[in-house]
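Per-entry structural report
Listed below are the residues making up each chain.
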Amino acid sequence: MKLSKFNFRFQYGSQQVIFNAISGGLLLLDNTAEVLLEKIGLNQIPEAGLSEIEKVCLEELKRGWIVLENELDELLYLKNIYLRTKYDRTKLVLTVAPTMSCNMRCVYCFEHQEDQSGIMNDEVAAAIVKFAQRRLEVAQLLSVVWFGGEPLLALDKLSALSKSLIDFATAKGRNYSSFLYTNGTLLTRNTAKILADSRVDTVQVSIDGYGEFHDARRKLKNGRPSFGNIIENIKDCCDIINVVIKIGVDRGNVQGAILLLQELARTNLKNRVNVSFSQINSDLDPCVHYVNKTISRRDYASVYLKIIESATEFGYNIVNFEQPPKPRSLCCGHQSMHVVSVDHRGLVYKCLEDMGHSNRALCKIEDYDKFESASQLKWLDYNPIGPECEKCEVLPLCLGGCPRRSFDDGALLCNVDRYVLIDKLKRHVERLVEQQVGPSQVAVSLNEK
Ligand code: SF4
Ligand code: SF4
């Protein structure tokens, strides 16, 4: 027996806690567990001669992957999981941009460097449906993500294409789900009803902080502010459709993000929407005029904790923060052979950051299954677990960072957990303690393998 390489041990009050990043298991250690772990670490554990209590405890430690059989190679296990998921055909995820046009001019946006006018025509829509039909011969689930540009500028196309995809999936007995990214400016009550009829379950609205913080970054095309209108739209439609407000954070709007949280709490919107946070990225080619204001991943990790602290004080249910960090099976979902992104011209991309840049397209949607382009091979062939990642303690929670960044300059774009894992775990333990889950329940949280 041996200890996992991916155990994280830390003190919480008077209690020792251990987390395993492969299983996602979190254990509050009692004395028996502590003694066992110490002996296993020193290679002094006889399986024979253990007391009944020790045997039960050892089983729990094994169940949480904290203790492993000697022959188990964790690195090989993770590579295996990665490859299986990459080629898993049971799910098809289609990211569709019915237009790459946008009615806003955000200061950092990557989408305005090429003429993006135009809406998807019927031939491209038909080619997407045909592609989905082929893949759904095997796949059991079709998940559609509406992207842009601003997808609500092409609401009719979105609605018509949804209907074709839903009709086929339903007739074939396949599950269907759908999600939409939007800037929120066109999200009226009537639009929300059309989206709900098109089986869009959730919309994610991007807001970069309260009032002028947002308006300095996310202006309309005519230069006018957008914040007030977006908030009114959210109030009007969040009883019809699930809304996630994604708050973008950079170097200059941390206070703006906190003020927004406060305002949503004051107006009671906080109980009607979910909130998540994301880094306004300086790690992947932002607009050159903006690069000094964005924030590195490491700095983002520390402001993230500050914002989460405030959010918790205001009583928020933070997406991705209620559970302990989850092990991943891919570093980026777009690495899967069965996650396919297509723009209004029918061009296929792997990375969302590339959408709309025709020189970064892989091929046309009708050619995607021919596997003929060099850029397709590049993605297929990519091994995300290089020498630095092999040594990384949070590897199971990241699996190698962003592939696009690695293609661009060989650098790693590390997961935020590399910098804030223990803080996140402590907060989770705090919640468990509040819920009065005691140390007698040794395995308080475990993602079963
Ligand atoms: S390759 Fe990187 S930037 Fe592109 S979708 Fe994946 S994680 Fe995002
Ligand atoms: S990209 Fe960074 S955080 Fe992710 S596994 Fe590699 S070294 Fe670790």
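Keep in mind that what you see is a predicted model, and the values were worked out from it rather than measured.

**Some remarks on the overall build of the chain**
A count of helical and extended segments in the chain gives 15 helices and 17 strands. The buried share among the 449 residues of the chain stands at 41%. Across the chain, every contact between residues at least 6 apart in sequence was considered, and the portion connecting residues at least 24 apart equals 72%.

**Observations regarding helix H1 (residues 31-41)**
Because an α-helix completes one turn every 3.6 residues, residues spaced three or four positions apart along the sequence face the same direction. Restricting attention to buried positions, one finds in H1 the residues Ala33, Leu36 and Leu37. Within H1, the buried residues cover an arc of 100° as seen down the axis, which keeps them to one side. Turned more than 90 degrees from where H1 packs its buried face, Asn31 and Glu38 sit exposed. Buried residues along H1 sit in contact with strand S1 (2-3), strand S4 (26-29) and helix H2 (52-63).

**Considering the site of ligand 2**
The environment of ligand 2 is formed by Glu388, Cys389, Cys392, Val394, Leu395, Cys398, Gly400, Gly401, Leu412, Cys414, Asn415 and Arg418. Residue composition of the shell around ligand 2, grouped by class: seven nonpolar, three polar and two charged.

**Let's talk about the nonpolar core**
Of all hydrophobic cores here, the largest spans 76 residues; its most connected members are Val96, Ile128, Trp146, Val249 and Val348. Of all the elements, helix H9 (residues 254-266) adds the most residues to this core, at six residues. Contacts of Val348, omitting those with residues within four sequence positions, involve Val340, Ser341, Val342, Ala361, Leu362, Cys363, Lys364, Ile365 and Tyr368. Judged by nonpolar contacts, the second largest core, of 36 residues, contains Phe19, Leu29, Leu36 and Leu413.

**Examining the environment of Lys193**
Structurally, Lys193 is set in helix H6 (residues 189-197). Along the chain, Lys193 and Cys237 lie 44 residues apart, while their C-alpha atoms are 8.3 Å from each other.

**A short note on the packing of H1 against H2**
The packing of two helices is summarised by the inter-axis angle and the distance between the axes. Two elements in contact, H1 and H2, have axes separated by 10 Å at closest approach and are oriented at 70°. Between H1 and H2, the angle is such that the two are roughly perpendicular. From H1, Thr32, Ala33 and Leu36 reach across to H2, where they touch Ile53, Glu54, Cys57, Leu58 and Leu61. Of the residues that constitute the contact of H1 with H2, the class distribution is six nonpolar, one polar and one charged.

**What to know about the confidence of the model for the chain**
Averaged over every residue, the pLDDT of the chain is 88; residues scoring 70 or more account for 90%. Predicted confidence is poor over residues 285-291, with pLDDT under 50, and the contacts of this stretch with residues over four places away or in other chains come to twelve contacts. Residue range residues 438-449 is modelled with pLDDT below 50. Its contacts to residues more than four positions away, or to other chains, number 31 contacts.

Procedures and definitions
- Residues numbered from 1 in each chain as written.
- Chains lettered and ligands numbered in written order.
- Predicted model: local features only at pLDDT ≥ 70, side-chain atom pairs only at ≥ 80, totals over all residues.
- Helix = DSSP H or I, 4+ residues; strand = E, 2+ residues; numbered from the N terminus.
- Buried ≥ 20, exposed ≤ 12 C-beta atoms within 10 Å, placed from the backbone.
- Contact = placed C-beta atoms within 7 Å.
- Arc of directions from axis to C-beta.
- Near = placed C-beta within 6 Å.
- Nonpolar A, V, L, I, M, F, W, Y, C, P; charged D, E, K, R; others polar.
- Core = buried A, V, L, I, M, F, W, Y, C linked by C-beta atoms within 7 Å.
- Axes fitted to C-alpha atoms, helices over the stretch in contact; angles between N-to-C directions.
- Parallel < 35°, antiparallel > 145°, perpendicular 65-115°, else oblique.
- pLDDT = per-residue confidence, 0-100.

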